Amino acid sequence: MWSFFHKMGSPKWFYDIAQRWKPWLAIGALLLLLVGMVWGLLFAPKDYLQAQSYRIIFIHVPTALLAQSCYIAMALAALVGMVWKMKLADVFIKTAAPVGAVITFLALLTGAAWGKPTWGTWWVWDARLTSMLLLLFIYLGIIALRAAIDEAQAAARAVAILTLVGVVNIPIIKYSVEVFNTLHQKASITLTAKPAMPPEMYIPLLIMVLGCYLVFAWLIFQRMQTEILFRERRTRWVQDWLRTQSSS
Amino acid sequence: MQFESLAAFIAMDGQGFYIWLSYGFFLVCFMGLVLAALRERRLMVAQLARQMRRDALSRKPTAAHTETSQEIL
């Protein structure tokens, strides 16, 4: 465990691991998303109340979960970066923030598209929706803050602090539907109880969740590799590798 | 299969607009993210390779330089 942690300090080690894992992540993601979407759109049964519009769940829940998970990962990275001065932690935060922002936007958009036929409104300022919108603003704030500070070390530090400050929003999002009287429904899927939906619906949902997480992992690996190449451009291993690229 | 025809599948009991709006944005956004990530890496590699060639050239002494320094000697 400790040696893994130690290795994570090396950008080159991460670059090589990412290179090995990317093809599998890509194949896995494509398969899962294809199966999940075909199952969810074509084979999952009609809902007794919502008819077909509930099929948006297969997009909305994965993106909403991922938006929060991405932020939690960024906050963990911020902590690790500040305490152990791990370079890769900042690389992760930098590359994950824009992806997290797009995913949060998707969660909000699909939620609105689902809300209109179901609740009769695209938007309402209830606790769940408002805190998810806040999550989007925090992501954008993180991106803007990094762009505003020229010096890389200072930017990394400031962004890490902002990320940690913003993490208080995550439990707010999660418990918003329990604590407040919200239009958004309570959780249908929990870790403890049986899901409040039949297997024909929640299995494709889990497939889509896993597929989206794999796409996210691929995106992060790819983007981190690019950032690592830039930050480590003066090192021997990058220079040697670049030479093999130009000659091929 | 839950739908008798392609038309029924697209119509989705009248809720097709909301469903295809959601799935459409989902696919476009994720494909956009993937293509952007691929493109950025390609551009970065090209830029770094170009910079490396430029650095190598600026370090190499030219023939003219060598002759001048020999004359001075």
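From a predicted model like this one, the values you see are computed outputs, not experimental measurements.

Draft legend 1. Inspection of the overall build of chain A at higher detail. Helix and strand content of chain A: 9 helices and 0 strands. The secondary structure elements of chain A, listed N-terminal to C-terminal, are α-α-α-α-α-α-α-α-α. Projected onto its principal axes, the C-alpha positions of chain A cover 65 × 40 × 35 Å. Put simply, chain A has 248 residues, and 48% of those count as buried. Long-range contacts, defined here as pairs at least 24 residues apart, represent 76% of the contacts in chain A between residues at least 6 apart. Summing over all exposed atoms, chain A offers an accessible surface of approximately 12,600 Å²; the carbon and sulfur share of this is 71%. Of the charged side chains in chain A, 22 are positive and 11 negative; the average position of the first set lies 3 Å away from that of the second.

Draft legend 2. Summary view of helix α3 (residues 57–84) of chain A. With 28 residues, α3(A) should reach 40 Å at 1.5 Å per residue; the first-to-last C-alpha distance of 39 Å fits that figure. Phi turns positive, to about 55 degrees, at K85(A), one or two residues after α3(A).

Draft legend 3. Representation of the nonpolar core in the model. Counting 86 residues, the largest nonpolar core has F58(A), M74(A), M132(A), L135(A), L242(A) and F26(B) as the members making the most contacts within it. Take this core: its biggest share by element is 15 residues, from helix α4 (residues 87–119) of chain A. Setting aside its immediate chain neighbours within four residues, M132(A) contacts A64(A), A67(A), Q68(A), T104(A), A107(A), L108(A) and I173(A).

Draft legend 4. Focus on the interface of chain B and chain A. In this complex, chain B contributes 32 residues to the contact, which on the side of chain A involves 50 residues. Ionic pairing is found between K46(A) and D13(B), a salt bridge with its closest N-O pair at 3.6 Å. At the junction of chain B and chain A, the tally comes to 7 residue pairs in polar contact (both at pLDDT 80 or more). Of the residues forming the side of chain B that touches chain A, the biggest block, 25 residues, is contributed by helix α2 (residues 16–59) of chain B.

Draft legend 5. Region of the structure containing the environment of M208(A). Structurally, the position occupied by M208(A) is in helix α8 (residues 199–231). In this structure, the C-alpha to C-alpha distance between M208(A) and P62(A), residues 146 residues apart in sequence, is 6.5 Å. Excluding anything up to four places from it in sequence, M208(A) contacts L33(A), G36(A), M37(A), F58(A), I59(A), P62(A) and F26(B).

Draft legend 6. Spatial organisation of a nonpolar patch on the surface. Nonpolar side chains collect at one region of the surface, where L34(A), V38(A), F43(A) and M1(B) lie side by side and expose about 420 Å² of accessible area between them. Locating V38(A) in the fold gives a position in helix α2 (residues 11–43).

Draft legend 7. A look at the packing of α3(A) against helix α5 (residues 127–148) of chain A. Residues and elements named next belong to chain A. Here α3 crosses α5 at 45 degrees, and the two axes come no closer than 11 Å. Judged on the interaxial angle alone, α5 and α3 are oblique. Relative to α5, the crossing made by α3 is left-handed. Contacts between α3 and α5 pair A64, A67, Q68, C70, Y71 and M74 from the former with M132, L135, I138, Y139 and I142 from the latter.

Draft legend 8. Main features of α2(A). Its 33 residues give α2(A) an end-to-end C-alpha distance of 44 Å, which sits within 8% of 48 Å, the value for a rise of 1.5 Å per residue. Remark: the principal bend of α2(A), roughly 35 degrees, maps to W21(A), with a proline, P23(A), within the next four residues.

Draft legend 9. Local environment of the side chain of Q239(A). Looking at where Q239(A) falls in the secondary structure, it is placed in helix α9 (residues 236–247). Those residues within four positions of Q239(A) in sequence are excluded, and the remaining contacts are R233(A), R234(A) and M52(B).

Draft legend 10. Representation of the confidence of the model for chain B. Residues and elements named next belong to chain B. Taken over all residues, the pLDDT of chain B has a mean of 85, while the share at 70 or more is 84%. Confidence, read as mean pLDDT per element, is least for helix α3 (residues 63–72) in chain B (50) and greatest for α2 (94). Predicted complex, confidence summary: ipTM 0.91, pTM 0.90.

Draft legend 11. Local environment of the pattern of salt bridges. Going through the model one piece at a time under the given rule, you end up with 11 salt bridges over all chains. Between E40(B) and R223(A) there is a salt bridge; the shortest N-O distance is 3.9 Å. You can see E40(B) sitting in helix α2 and its partner R223(A) sitting in helix α8, one on each of two chains. Take R223(A): its relative accessible area is 14%, and that puts it in the buried class. The closest approach of N and O atoms between R236(A) and D240(A), which form a salt bridge, is 3.7 Å. Within this pair, R236(A) and its partner D240(A) are both found in helix α9, separated by 4 residues, close to a single helical turn. Note on D240(A): relative accessible area 32%, which makes it partly exposed. Each of the salt bridges in this network shares a partner with another, and the network as a whole consists of D90(A), K94(A), R146(A), E227(A) and R231(A).

What counts and what doesn't
- Residues numbered from 1 in each chain as written.
- Chains lettered and ligands numbered in written order.
- Predicted model: local features only at pLDDT ≥ 70, side-chain atom pairs only at ≥ 80, totals over all residues.
- Heavy atoms only, no water.
- Helix = DSSP H or I, 4+ residues; strand = E, 2+ residues; numbered from the N terminus.
- Buried < 20%, exposed > 50% of the residue type's maximum accessible area, 1.4 Å probe, protein only.
- Contact = heavy atoms within 4.5 Å.
- Areas by Shrake-Rupley, 256 points an atom, 1.4 Å probe, with all protein chains shown as cover.
- Lys, Arg positive; Asp, Glu negative; His and termini not counted.
- Charge placed at Lys NZ, Arg CZ, Asp CG, Glu CD.
- Expected span 1.5 Å × (residues − 1).
- Core = buried A, V, L, I, M, F, W, Y, C linked by side-chain atoms within 4.5 Å.
- Salt bridge = Lys/Arg side-chain N within 4 Å of Asp/Glu carboxyl O.
- Polar contact = N/O pair within 3.5 Å; in protein donor to acceptor, adjacent residues only side chain to side chain.
- Patch = residues over 30% accessible without salt bridge, like charges linked within 9 Å, V, L, I, M, F, W, Y side chains within 5 Å.
- Axes fitted to C-alpha atoms, helices over the stretch in contact; angles between N-to-C directions.
- Parallel < 35°, antiparallel > 145°, perpendicular 65-115°, else oblique.
- Left-handed = near helix turned anticlockwise from the far one by under 90°.
- Bend = angle between axes of the 7 residues up to and from the residue.
- pLDDT = per-residue confidence, 0-100.

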